[in-house]
Amino acid sequence: MERAILVNVSVTKAEKDEAEESLAELAGLAAAAGAEVAGKITQVRPRLNPRWLVGEGKVKEIADEAREAAADMVIFDRNLNASQQQNLEEEVRVKVLDRTQLILDIFAQRARTNEGKLQVELAQLVYRLPRLRGKGLSLTQQGAGIGTRGPGEKKLEVDRRRITDRITKLKRDIDGLEKRRSSQRQSRRKSPVPTVSLVGYTSAGKSTLFNRLTEERRYTSPNLFSTLDPLLRRVSLSDGAFFFLTDTVGFIRKLPVELVTSFRATLEEVGEADCICHVVDVSSPSCEHQLAAVETVLADLGIADVPVIKILNKIDLLPEEERGLLLSRNADTRSRTVALSAKSGEGVPDLLGRLREVLFAGHKVYTIRVPKETREITDSLARRSLVLKRRESAGFVEFKVLADPAGIVSFLPYIEQGDVPW
Ligand SMILES: Nc1nc2c(ncn2[C@@H]2O[C@H](COP(=O)(O)OP(=O)(O)OP(=O)(O)O)[C@@H](O)[C@H]2O)c(=O)[nH]1
Ligand SMILES: [Mg+2]
């Protein structure tokens, strides 16, 4: 296991206030990348030193600590440019990385699907291109392991020109895949089945909740960024209504802009959902910051008009009293906030009730009876309503549907009056 020294440099008051949380999170990222934390160093400065970010004395301290702790690398909690990285490596004599490189490395290790791999490679190349001139340790063969992994690695040996070509090709390939996904999305949009997207900070519990709602077995783990690939599944409500649910990649503060760009298409799908479930880990001391970071990314993506349900997850980890208080608030069905535990299932029925409200407000259940052999009618019915049940009887087909009254006026002649037993 590689050993890492973590360094946080704060300038503004806000940065200073967040330094500890941010460093704890960097430790989580280091662990997710497969490193062991061998030490943490912080410095508050009135401004950044352009050569090393930190001051000269601090560089020596980092070098000493790296030697004493037998560290393999130093990871900075803020981004370094090429020459800073090189200057630092000259002084500390081990590989130096920044937060973005660490995150890109995790993504490179985790990407499974073809599209995910292309997106990560693109993000890595875009990040590395402007840094190619400063050939520090981490960019040459001497550097191995974290920060050097990923599909883009071998290609760094070749010149800038070929990297630019590769970036162009990657963009084209990703575009092609995105077009295909977009047309699938189009046809889904024509269907009356609504879509719900789970979004949230990394490790908030999105996949755990996804699994609970869909009875899937997606990979979940205490590690940050366990999910990179979106997945879509059907979820049924107790009255037979149903919707599609998607699980998405987690967010993080200081999310590398290279990744936002590469994963933009994936995230844009979120904007086309009928409802967004924003999963928040209420047991985390950084809960507020995480919530704000996710809201910032959503706003950056221009997602503003999709209804959001805020999910206060992991209430099982809260003290009994606090848990009870949050759960009691679930009784207010007009509220767009639901407390639950994806792990124990407590509060999950409240979420389903809330989704029923948001997705199918104003919808009603109808029984529609059409003569057999009238395909156009049944096809058009399926495009305008959620077919809950279907049965045949003497020359007729009966459908139990959930529909917006305005959407099915053309079926008026076929609607059965009164309570039809099913
Ligand atoms: N105690 C408790 N743990 C939970 C709950 N929900 C999720 N977890 C744990 O939190 C960790 C992260 O859960 P995931 O479902 O992988 O989180 P995620 O949001 O999908 O994370 P990424 O895919 O990495 O963005 C796992 O160890 C889960 O077991 C909960 O309600 N209670
Ligand atoms: Mg996940």
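Residues numbered from 1 in each chain as written. Chains lettered and ligands numbered in written order. Predicted model: local features only at pLDDT ≥ 70, side-chain atom pairs only at ≥ 80, totals over all residues.

1. Considerations on the overall build of the protein chain
Stage number 1. On a plain count of helices and strands, the protein chain comes out with 13 helices and 13 strands.
Stage number 2. Taken over the C-alpha atoms alone, the protein chain extends approximately 85 × 55 × 35 Å along its principal axes.
Stage number 3. Burial analysis of the protein chain (422 residues in total) assigns 38% to the buried set.
Stage number 4. In the protein chain, of all internal contacts separated by at least 6 residues, the share reaching a separation of at least 24 is 70%. (Helix = DSSP H or I, 4+ residues; strand = E, 2+ residues; numbered from the N terminus. Buried ≥ 20, exposed ≤ 12 C-beta atoms within 10 Å, placed from the backbone. Contact = placed C-beta atoms within 7 Å.)

2. With respect to unusual backbone geometry
Stage number 1. In this structure, S203 is a non-glycine residue whose phi angle is positive, near 75°.
Stage number 2. Mapping S203 onto the fold places it in the loop between β5 (195-200) and α7 (206-214).
Stage number 3. Residue classification places S203 among the buried residues on the basis of 26 C-beta atoms within 10 Å.
Stage number 4. Positioned with a positive phi, F225 is a non-glycine residue whose angle comes to about 55°.
Stage number 5. Here F225 falls in the buried class, since 21 other C-beta atoms lie within 10 Å of it.

3. Here we look at helix α1 (residues 13-33)
Stage number 1. Its 21 residues place the ends of α1 29 Å apart at the C-alpha level, agreeing with the 30 Å of an ideal helix rising 1.5 Å per residue.
Stage number 2. A maximum bend of about 55° is found in α1 at A19.
Stage number 3. Inspection of α1 places S22, E25, L26, L29, A30, A32 and A33 among the buried residues, and these make up the whole buried set.
Stage number 4. Looking at the buried side of α1, the elements it contacts are β1 (2-10), β2 (35-44), β3 (73-76) and α4 (99-110).
Stage number 5. Positive phi appears at G34, one or two residues downstream of α1, with a value of about 100°. (Expected span 1.5 Å × (residues − 1). Bend = angle between axes of the 7 residues up to and from the residue.)

4. Section: the sheet that holds β2
Pairing between sheet strands relies on hydrogen bonds along the backbone, with the strands arranged either parallel or antiparallel.
Stage number 1. Taken together, four strands build an open sheet; the order of strands is β2-β1-β3-β4 and the sheet is parallel. The open sheet is flanked by β2 and β4 (95-98), the only strands paired with a single partner. On average, each strand axis in the sheet is tilted by 25° relative to the strand beside it, whichever way the strands run.
Stage number 2. Here β3 runs beside β4; their pairing, made up of four bridges, is parallel. Bridge pairing in β4 links M73 to K95.
Stage number 3. Packing against the sheet, helix α2 (residues 56-68) makes contact with β1, β2 and β3, and its axis sits at approximately 160° to β2.
Stage number 4. Helix-sheet contacts for helix α3 (residues 82-92) involve β3 and β4, and the interaxial angle to β4 is about 145°. (Pairing = 2+ DSSP bridges. Axes fitted to C-alpha atoms, helices over the stretch in contact; angles between N-to-C directions.)

5. Here we look at the site of ligand 1
Stage number 1. In the vicinity of ligand 1 there are 23 residues, among which G205, S207, T220, T227 and G250 approach most closely.
Stage number 2. Per-element tally for the shell around ligand 1: the top contributor is α7, with three residues.
Stage number 3. Of the residues in the shell around ligand 1, the class split is six nonpolar, 13 polar and four charged. (Near = placed C-beta within 6 Å. Nonpolar A, V, L, I, M, F, W, Y, C, P; charged D, E, K, R; others polar.)

6. Remarks on the confidence of the model for the protein chain
Stage number 1. When the pLDDT values of the protein chain are averaged, the result is 89; 94% of them are 70 or greater.
Stage number 2. Long-range and interchain partners of residues 134-143, a stretch whose pLDDT sits below 50, account for 23 contacts in this model, where long-range means more than four residues apart. (pLDDT = per-residue confidence, 0-100.)

7. Notes on the nonpolar core
Stage number 1. With 96 residues, the main nonpolar core has A4, I5, A30, M73, V74, I75 and F107 as its most contacted residues.
Stage number 2. Top contributing element to this core by residue count: helix α5 (residues 114-128), with seven residues.
Stage number 3. Ignoring any residue separated from it by four or fewer positions in sequence, one finds I5 in contact with A38, G39, I41, I62, E65, A66, A69, A71 and V74. (Core = buried A, V, L, I, M, F, W, Y, C linked by C-beta atoms within 7 Å.)

8. Comments concerning the environment of V282
Stage number 1. With respect to the helices and strands, V282 occurs in the loop between β8 (275-281) and α10 (287-300).
Stage number 2. Residues V282 and V297, spaced 15 residues apart in sequence, show a C-alpha to C-alpha distance of 19 Å.
Stage number 3. Filtering out sequence-adjacent residues up to four positions away, V282 remains in contact with C287, L312, N313, K314, I315 and L318.

9. Quick word on the environment of R45
Stage number 1. Inspection of the secondary structure puts R45 in the loop between β2 and α2.
Stage number 2. The class of R45 is partly exposed, set by 14 C-beta atoms lying within 10 Å.

10. Quick notes on the sheet that holds β5
Stage number 1. Ordered by their spatial adjacency, six strands build an open sheet running β6-β7-β5-β8-β9-β10, and the pairing between neighbours is mixed. The outermost strands of the open sheet, each flanked by one partner alone, are β6 (231-236) and β10 (337-339). Shown here is a sheet whose adjacent strand axes are inclined to one another by a mean of 25°, direction ignored.
Stage number 2. Relative to β10, strand β9 (residues 308-313) is paired through three bridges, and the arrangement is parallel. Bridge pairing links I311 to V338 in β10.
Stage number 3. Against the sheet, α10 touches β5 and β8, its axis set at about 155° to β8.

11. A word on the packing of α1 against α4
Stage number 1. Taken N-terminus to C-terminus, the directions of α1 and α4 make an angle of 35°; their axes are 9 Å apart at the nearest point. Note on packing geometry: the crossing formed by α1 with α4 is left-handed. Facing L26, L29, A30, A32 and A33 of α1, the residues of α4 in contact are R99, L102, I103, D105 and I106.
Stage number 2. The residue inventory of the contact of α1 with α4, partitioned by class, reads eight nonpolar, no polar and two charged. (Left-handed = near helix turned anticlockwise from the far one by under 90°.)

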